[in-house]
Amino acid sequence: NGRVIAAADWGALAEELSHFAHTHGLGFFGACPAFRLRGAPGAAQLEPIAAFAGFTLSWLKGNEERIGVVRQNTLNLLAGHQAHHVLIWGPRGCGKSSLIRGLISEYYPQGLRGIEISPGHYGQLDELCELVRTRRECFIGVLDNISLNRHDADFRQLASALQALEELGTLVH
């Protein structure tokens, strides 16, 4: 902002700067709408997704009622109220990822962020919770291409991780 650079006394801008930091966050959490969970077990970290492709929810046609339900759930999350876990499924190309990108794009200014979690990192969900627990932003965890085959190792690892988080009281239903 040119006003900050030109200001002789930054103290006079303290209230404006504080409002900006509270609204938009600081560091990469404030500058990036989505992340990937990375790192080895015991060393989880969030990697910003530099090329996040924003999306406008109004472009999705034909499922307005369902989108409204997911939107209301997201608004509950942002307001600090109880929100539900959401499973969005359907054939390739039906708009699942676009819905998530649209929600993040629309509610980014209110602090909504996304975290992509690959099957290889399912065992680190507890570490992920520790990374974001004290953040003021709200996070949507995106687990894409989940196998529903109970014999699949990734499915078993995800089930174990979710059960452990529930027992710790980390997951809210």
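For the structure itself, look to the data block above.
In what follows, the accompanying structure is described. (Residues numbered from 1 in each chain as written. Predicted model: local features only at pLDDT ≥ 70, side-chain atom pairs only at ≥ 80, totals over all residues. Heavy atoms only, no water.)

**Side note on the packing of aromatic side chains**
Alright, step 1. Under the definition given, this model contains one aromatic pair.
Alright, step 2. When the centroid spacing of 5.2 Å and the interplanar angle of 85° are considered together, the rings of Phe-55 and Trp-59 count as edge-to-face.
Alright, step 3. With relative accessibility at 14%, the residue Phe-55 sits in the buried group. (Phe/Tyr/Trp six-rings, centres within 6.5 Å; stacked < 30°, edge-to-face > 60°. Buried < 20%, exposed > 50% of the residue type's maximum accessible area, 1.4 Å probe, protein only.)

**Digging into helix 5 (residues 96–107)**
Alright, step 1. With twelve residues, helix 5 should reach 16 Å at 1.5 Å per residue; the first-to-last C-alpha distance of 17 Å fits that figure.
Alright, step 2. Listed as buried for helix 5 are Ser-98, Leu-99, Ile-100, Gly-102, Leu-103, Ile-104 and Tyr-107.
Alright, step 3. Tucked into the core, helix 5 has its buried residues touching helix 4 (64–78), strand 3 (112–116) and strand 4 (138–142). (Helix = DSSP H or I, 4+ residues; strand = E, 2+ residues; numbered from the N terminus. Expected span 1.5 Å × (residues − 1). Contact = heavy atoms within 4.5 Å.)

**So, the pairing of strand 2 (residues 45–48)**
Alright, step 1. In this sheet, strand 2 lies alongside strand 1 (residues 34–38) in antiparallel orientation, the contact comprising four bridges. Counterpart to Phe-35 in the pairing with strand 2 is Pro-48.
Alright, step 2. Counting the residues in the hairpin turn of strand 1 and strand 2 gives six residues, including Gly-39, whose phi is positive at 100°. (Pairing = 2+ DSSP bridges.)

**Let's talk about the pairing of strand 3**
Alright, step 1. Burial analysis of strand 3 places four of its five residues in the buried class, the great majority of the element.
Alright, step 2. Pairing between strand 1 and strand 3: three bridges, direction parallel. Counted as the bridge partner of Phe-35 is Ile-115 from strand 3.
Alright, step 3. Inspection of the sheet shows strand 3 paired to strand 4 by five bridges, in the parallel sense. Looking at the pairing, Gly-114 lines up with Ile-140 of strand 4.
Alright, step 4. Assessed by its sense of winding, the connection that carries the chain from strand 3 through helix 6 (residues 125–132) to strand 4 is right-handed. (Right-handed = clockwise from strand over helix to strand, strands pointing away.)

**Thoughts on the side chain of Asn-73**
Alright, step 1. Tracing the chain through its elements places Asn-73 in helix 4.
Alright, step 2. Those residues in contact with Asn-73 that lie beyond four places of it in its chain are Ala-83, His-84 and Val-86.

**Quick word on the nonpolar core**
Alright, step 1. Membership of the largest hydrophobic core comes to 14 residues, with the highest contact counts inside it found for Leu-37, Leu-46, Ile-115, Ile-117 and Leu-128.
Alright, step 2. Looking at this core, the elements with two or more residues in it are strand 1, helix 6 and helix 7 (153–168).
Alright, step 3. Examining the composition of this core, we find that three residues originate from one element, helix 6, more than from any other.
Alright, step 4. Residues contacting Ile-115, with those up to four places away along its chain left out, are Phe-35, Leu-37, Leu-46, Leu-128, Val-132, Phe-139, Ile-140, Gly-141 and Val-142. (Core = buried A, V, L, I, M, F, W, Y, C linked by side-chain atoms within 4.5 Å.)

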